[in-house]
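Descriptive analysis of the structure
Below, each chain spelled out in residue letters.
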Amino acid sequence: MAKNIGILLDPATGDLQVSTLKDEAGRIAEGLEIGYVTYQNQALILQAIKGEIKEYPTLGVAINEMIADHETVGWKREILLQLEADGMSVRDVEIDFENKNLSIDAEYN
């Protein structure tokens, strides 16, 4: 399976997206929602604090800490490195503190 396809999370709650479908016998035949996860993974990496993702303890940007900072070069580099560590090709990262905007152009190889 391609890295950009995976289990979807509910963006509002962070819980697994589940849509159960039962077969003729009443057994659950389908449940977890599968789909395009590139943007979901980017958001999770941006929000994660290093050590929070146990399988990859060095993965995470801790973007909440950016609020108290106005230095973009270091943040852009950290975002680029973390997304590349997850297997993405990053074309561009733009941070605009004045308009509170973060733009990422990255996809899985």
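Residues numbered from 1 in each chain as written. Predicted model: local features only at pLDDT ≥ 70, side-chain atom pairs only at ≥ 80, totals over all residues. Heavy atoms only, no water.

For helix α1 (residues 38-47), the full list of buried residues reads Thr38, Gln40, Asn41, Gln42, Ile45 and Leu46. Against β1 (5-7), β4 (34-36), α2 (72-85), β5 (88-96) and β6 (101-108) lie the buried residues of α1. (Buried < 20%, exposed > 50% of the residue type's maximum accessible area, 1.4 Å probe, protein only. Helix = DSSP H or I, 4+ residues; strand = E, 2+ residues; numbered from the N terminus. Contact = heavy atoms within 4.5 Å.)

Turning to its location among the elements, Val61 is positioned in the loop between α1 and α2. Residue Val61 is classed as buried on the basis of its relative accessible area, which comes to 5%. On a C-alpha basis, the gap between Val61 and Leu80 in space is 9.7 Å, while along the polypeptide they are 19 residues apart. Filtering out sequence-adjacent residues up to four positions away, Val61 remains in contact with Ile45, Leu46, Ala48, Trp75, Glu78, Ile79 and Gln82.

A separate point is a nonpolar patch on the surface. On the surface, Ile5, Ile7, Leu16, Val18, Leu32, Ile34, Tyr36 and Tyr39 cluster together into a nonpolar patch covering about 750 Å² of accessible area. Every element with two or more residues in the nonpolar patch is listed here: β1 and β4. (Patch = residues over 30% accessible without salt bridge, like charges linked within 9 Å, V, L, I, M, F, W, Y side chains within 5 Å. Areas by Shrake-Rupley, 256 points an atom, 1.4 Å probe, with all protein chains shown as cover. Salt bridge = Lys/Arg side-chain N within 4 Å of Asp/Glu carboxyl O.)

A word on the pattern of salt bridges. Tallied over the entire structure, the rule returns four salt bridges. Residues Glu78 and Lys50 are paired through a salt bridge, measuring 2.5 Å at the closest nitrogen-oxygen approach. Here Glu78 is found in helix α2, whereas its partner Lys50 is found in the loop between α1 and α2, with 28 residues between them in sequence. Residue Lys50 is classed as partly exposed on the basis of its relative accessible area of 43%.

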